[in-house]
Structure formats: structure tokens, C-alpha cells
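This is what each chain is made of:
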Amino acid sequence: MATTAFPAAEGNEAPTAPRTYLNYIGGQWRPSLSGETFDNTNPARQSELIGTFQRSTAADVDAAVAAAEAALPAWCALPAPARGEIILRAALLLEQRQPELARQMTREMGKPLKETIGDVRTAIDFGKYVAGEGRRAEGETVPSALPDKMCLTVRQPLGVVGIITPWNFPMAIPAWKTLPALLAGNTVVLKPASDTPLSAVNLVEILSEAGLPAGVLNLVTGPGATLGDALVTDPRVAMISLTGSTEVGRHVAELCGRDLRRCSLELGGKNAVIVMDDADLDEAVAAVSWAGFGTTGQRCTATSRVIIHERVASAFAEKLVATAEKLRIGDGLLAETDMGPLVNAGRVQAVHAYTEIGVSEGARLLTGGRPLTDDELAGGAFYAPTVFTDATTEMRIAQEEVFGPFVTILPVRDYDEAIGAANATIYGLSCAIFTENARTAFRAMRDINAGLIYINAGTTGAEPHLPFGGTKQSGNGHRELGRKAVEEFSEIKTVFVSYPARSPRG
Ligand code: NAD
């Protein structure tokens, strides 16, 4: 990757050398008005600095929103296919630079290279997909109930959109929000998570290189509480799109609700895999291991509960423990690594607190349940893959999002009890069932209350052309990706056209 592509404040070091990164406002890389910065380190080796980023304040958000507002008229006047061309160019640049972007992402948040390559791939694939939507942006044309009249709908941009993103998919999620928002003709202020600002800088830099005009996309890094509140309450911002925890989502929705601002939320999950007694157990174990321990359990769709028929519960648990204990844990840059660190040291304590809760609630710890500090893992935020069994639905480890490599097994007597347990949380993001019986599979598709259902596959995995999102408190009813993505960032205008013939006398 060309070093000049990176907005370094000083020096011209290799792209992976630590440097100071700036905000991007009105087409210029600028330091925060506060003059303050924060350091971001590698969770696999916390002494290793990734870069220094701007600790922005409400004043920087104000400048970014002003720049986005100023850029809005020209950007929404540009035909949607021309906006799509810029997005396509950005997708091709991402593709050219995919290996280096993935390496930088592994260093900034820990997941293994094969996963960060997939994260960048999602941004590329979705960029290619959504670029084409510029030539569709379809509305409806319908007959009128009245003579000499036709009716149609067109899609309009909303205005300035504030986008707030989490750290677990550092490029995929900023891309799958920002690209459709831009395609729909909005201008954007992006506030990424403080654990992964570098991937957001890289995305913004590439979009600007692809030809995005100044002010159309603005980036402000820094603390969520201050910047988030400033962005969410700014009257010039027409919509907030947030992916994050249910707790933060509730706060943002309350603020948006005060002035009826549109707000799209993708939030937490407590995703279950149901395993029936006719399931292929080896297939189910492999799927739970990948969906439960992949990304160190830090996916919104991670499997954190296994609801299993009591007849096969011990055999399944034994196989899952054996698989978990074989996982190679270490630096995600090493080809042999199966599972990297948690995103930061604070998360190690947070996950460990759930081990203590599980033990005190009377569930049985089968493996893991401790931070890993031996030899080469010392100095990193590593936690052992953890499996509890004999849990019951009301336990906190069966109800709350742990967001770590932590799987809780709940034995049940039959299908009805399994569905009852699967639906018995505040969340409804993702759920899977393993069964060889087609009737059971179809009943589960109907009975499970979740936005994403998987049959004989784990609870993770999205495709760019299909809608993605959850029910209940996993969101507020919006869907991302696919054609829904552009709908989410636009508004329908209904047009009535009358064309009665003129009388000869006019
Ligand atoms: P988080 O809620 O702590 O932070 C998300 C973003 O919100 C960050 O950019 C943060 O700085 C910002 N933020 C924090 N306080 C804010 C405030 N008061 N106002 C506005 N913004 C604020 O979440 P996280 O730890 O970054 O990510 C993990 C969470 O995200 C998990 O709960 C996970 O399930 C969820 N998630 C959901 C999806 C989905 O599509 N449903 C996808 C990925 C992650």
C-alpha cells in the first residue's frame, strides 16, 4: 500500500508504524480543536502502540456537521448513478489494499487475519452491491382511483446523517452504514469506536481518494459519551444510525425521541443454537465452536447459548470442551492462530466477572473461566474459551450478553421447551437450530423470535444482498444491508399527477 495514502500528521513511516491520525472535516485532515489525543494499542501486546488519535470534543462535532450541511445541496443534486460510481471506485481501492487493511485491523483489535480479511471483504462486496443501487432506486407507479391521474413514489435523501459504530467489525459496519447513506444522497458524520479508529480512517481516506467531494463524509474520533450526545442532539442532523450495545442504543433512542429524529439501531444479542436429539452432533459442535469462539465471541451474532435436548447434552458438551481446548490462541497475525485476544484489558475483567456469576448461580464450569497470561500471552488481553453447562433460563449467564468466548449450555426436555428458552431473553438478533427433521426445521423458522434464523448452521454470517438486523431489544425494527439499506437512509415522497384534457375554451 502506498504510504502517501495515509493521512499522517508527521513523518512518512511505513503504514504500520505508529503515527498521529487526524479528524477529517470539510475535506481536510485536521487536529481536534481541543488539541488532545489518545493512544490506541494492540490487544495482543498492549505495550505496542498502533497510533495516536484525536480526542475530539463537541466543538469538532459542530464543525463536522457544519461541513456536512454545507456539502449537502451539491451532493444530493449529483445523480445517484454518479454517486454510485464513486462508491464503486472506493470498493475497488479497498480490494487492491485488502491485505494491508486486514493486517492493520488485526493489530488494532485482535481478531485473526482470516477474519479481518473477511471484514474488509464485506465492505468490498457491499460497496460493489450498493453502487449498483444508484441505477435502481426504484419507487412505485400505481393507478389512481380517480380519472386522468397517476401516482408514483420517489426516494429522497434525509440530509446530514450521524453514524456511530462499534469496534468488532471495524470496517464492515462503518461501510455498510456509510455507503448506502452516501448513495441515497445524504452527507455523513462518522464517529467510530475508540478501540478501532484506524480502520475508519482507512475507509474515509479511500472514499476521499475515490473522488468523494469535500464535506460529504466527515470523521471525528473520540469518546462516545461526549461526541455521541453532541451528534445525536444536533438539530442539523436528520438521522442517527448506531450499532452498539442495547444500553447505549436505549440512551440514543431517548435523545432522538425528544425531537422525533429518525434513528436506526442495531444492538446486542444473546444468540442461541438449539440442538435437537436427531442432530448431527459433530456438525453442531463445529458450528458452535466457530460462532461461539470466533472473533473471541465478540460478534453481535455470536453463539452464547446452546439449548440442547437432554438426551444428547453430555455427548455434545464433551465434544465442545475437547474442541475448545484444542483452539490455538495467540496473536491474530500468526497464520496458526484460531482465536485472538479480547479487544482490551477491561473486557478481560468484564468477561471474568461472568465466570464468577455463573459459578455463584450454580451452573457447572466445564472448561476455561480464566484470563490467559502464560508465556507469549503475557501482556495481551487473552481469555480462555469458556463453557458452562447445567444452566437454567433465568440465570444471568443465560440472559445477559457476555461478549467474550463464553458458551452456556441449557439442557431441555423437548422442542417446545427449547423454543421457550430460545425466546426467553430481551434480545432477538440471531438463532439457529440443528435437526435432521424438516418439519422441526420449518416449525422453528416460524416459532423463533429473531431477525436472523439459521438451519443446520451457526448463528453468525451475513450476506451483503440480504437484510440484517434483530427483533425485540436487538434493534428498533430497521434492517441493514441489501436493498433495505438504501431505504433506511432515505424517505418516500408520494407524487400525484393530474392530466385532464383542457377544454377547447381553456
Ligand atoms: P458500545 O455501545 O459501547 O459503543 C458503540 C458506539 O457507541 C461506539 O462508537 C461508542 O463510542 C458509542 N457511544 C458510547 N456511548 C455513547 C453515547 N452515550 N451516545 C452515543 N454514542 C455512544 O458498543 P461496543 O462495545 O462498541 O460494541 C459492542 C456492542 O455492539 C455489543 O452489544 C454488540 O452486540 C453490538 N453490536 C451489534 C451489531 C448488530 O448489528 N446488531 C453488530 C455489532 C455489534
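Definitions and limits used
Residues numbered from 1 in each chain as written. Predicted model: local features only at pLDDT ≥ 70, side-chain atom pairs only at ≥ 80, totals over all residues. Heavy atoms only, no water. 1 Å grid on protein atoms, 1.4 Å probe; cavity = no way out; pocket = protein on both sides within 12 Å on 5 of 7 lines; lining within 4 Å. Points joined across faces, edges and corners; volume = space filled by probe spheres on them. Helix = DSSP H or I, 4+ residues; strand = E, 2+ residues; numbered from the N terminus. Nonpolar A, V, L, I, M, F, W, Y, C, P; charged D, E, K, R; others polar. Domains from an automatic or database assignment. Core = buried A, V, L, I, M, F, W, Y, C linked by side-chain atoms within 4.5 Å. Buried < 20%, exposed > 50% of the residue type's maximum accessible area, 1.4 Å probe, protein only. Contact = heavy atoms within 4.5 Å. Salt bridge = Lys/Arg side-chain N within 4 Å of Asp/Glu carboxyl O. Buried area = accessible area lost by both parts, 1.4 Å probe. Polar contact = N/O pair within 3.5 Å; in protein donor to acceptor, adjacent residues only side chain to side chain.

Caption draft 1: Highlighting the layout of surface pockets. Taken as a whole, the largest pocket encloses approximately 1,000 Å³ of empty space. As for the largest pocket, its lining consists of 38 residues, of which Trp167, Gly244, Ser245, Thr246 and Val248 are closest to the centre. Among the elements of the structure, helix H7 (224-232), strand S10 (237-243), helix H8 (246-258) and helix H11 (345-361) are those that each provide at least two residues to the lining of the largest pocket. Here the residues of the lining of the largest pocket sort into 17 nonpolar, twelve polar and nine charged. Each of two domains, domain 1 (10-267 + 475-492) and domain 2 (271-455), supplies a minimum of three residues to the lining of the largest pocket. Contributing to the lining of the second largest pocket are 23 residues, with Gly118, Thr122, Phe169, Gly461 and Ala462 lying nearest its centre. No other element matches the seven residues that helix H4 (residues 113-133) contributes to the lining of the second largest pocket. Mapped onto the domain boundaries, the lining of the second largest pocket takes at least three residues apiece from domain 1 (10-267 + 475-492) and domain 2 (271-455).

Caption draft 2: Focus on the nonpolar core. Membership of the largest hydrophobic core comes to 89 residues, with the highest contact counts inside it found for Val275, Phe316 and Leu320. Looking at which element gives the most residues to this core, the answer is helix H5 (residues 172-183), with eight residues. Counting only domains with at least three residues in this core, you end up with domain 1 (10-267 + 475-492) and domain 2 (271-455). Those residues in contact with Phe316 that lie beyond four places of it in its chain are Val275, Leu281, Ala284, Val285, Val288, Val306, Ile308 and Ile409. Membership of the second largest hydrophobic core comes to 31 residues, among which are Met276, Ile357, Ala421 and Ala450.

Caption draft 3: Inspection of the pattern of salt bridges at higher detail. Evaluated as defined, the whole model comprises 24 salt bridges. With a closest N to O distance of 2.9 Å, Arg121 and Glu95 form a salt bridge. Residue Arg121 is located in helix H4, and its partner Glu95 is located in helix H2 (residues 80-96); the two are separated by 26 residues in the primary sequence. Note on Glu95: relative accessible area 29%, which makes it partly exposed. As a salt-bridge pair, Arg299 and Glu115 come within 3.9 Å of each other at their nearest N and O atoms. Remark: Glu115 occurs in helix H4 and Arg299 occurs in the loop between helix H9 (281-293) and strand S13 (303-309); sequence separation between them is 184 residues.

Caption draft 4: Molecular detail of unusual backbone geometry. Of note in this structure, Asn456 is not a glycine but carries a positive phi near 55°. With respect to the helices and strands, Asn456 occurs in the loop between strand S21 (452-455) and strand S22 (471-472). At Lys472, a residue that is not glycine, the phi angle is positive and equals roughly 50°. Within the secondary structure, Lys472 sits in strand S22.

Caption draft 5: Spatial organisation of the domain arrangement of the protein. Looking at the protein, the domain boundaries give domain 1 (10-267 + 475-492) and domain 2 (271-455). Here the C-alpha centre of domain 2 lies 31 Å away from the C-alpha centre of domain 1. Listed by partner, the interface residues are 21 residues for domain 1 and 26 residues for domain 2. Both sides of the domain 1 and domain 2 interface together cover about 2,000 Å² of buried area, and 56% of this is carbon and sulfur. At the junction of domain 1 and domain 2, the tally comes to two salt bridges. Linking Asp331 and Arg45 is a salt bridge whose minimum nitrogen-to-oxygen distance equals 2.7 Å. Remark: the boundary between domain 1 and domain 2 carries seven residue pairs in polar contact (both at pLDDT 80 or more). Elements that contribute at least two residues to the side of domain 1 that touches domain 2 include exactly strand S4 (45-54), helix H3 (98-109) and H4.

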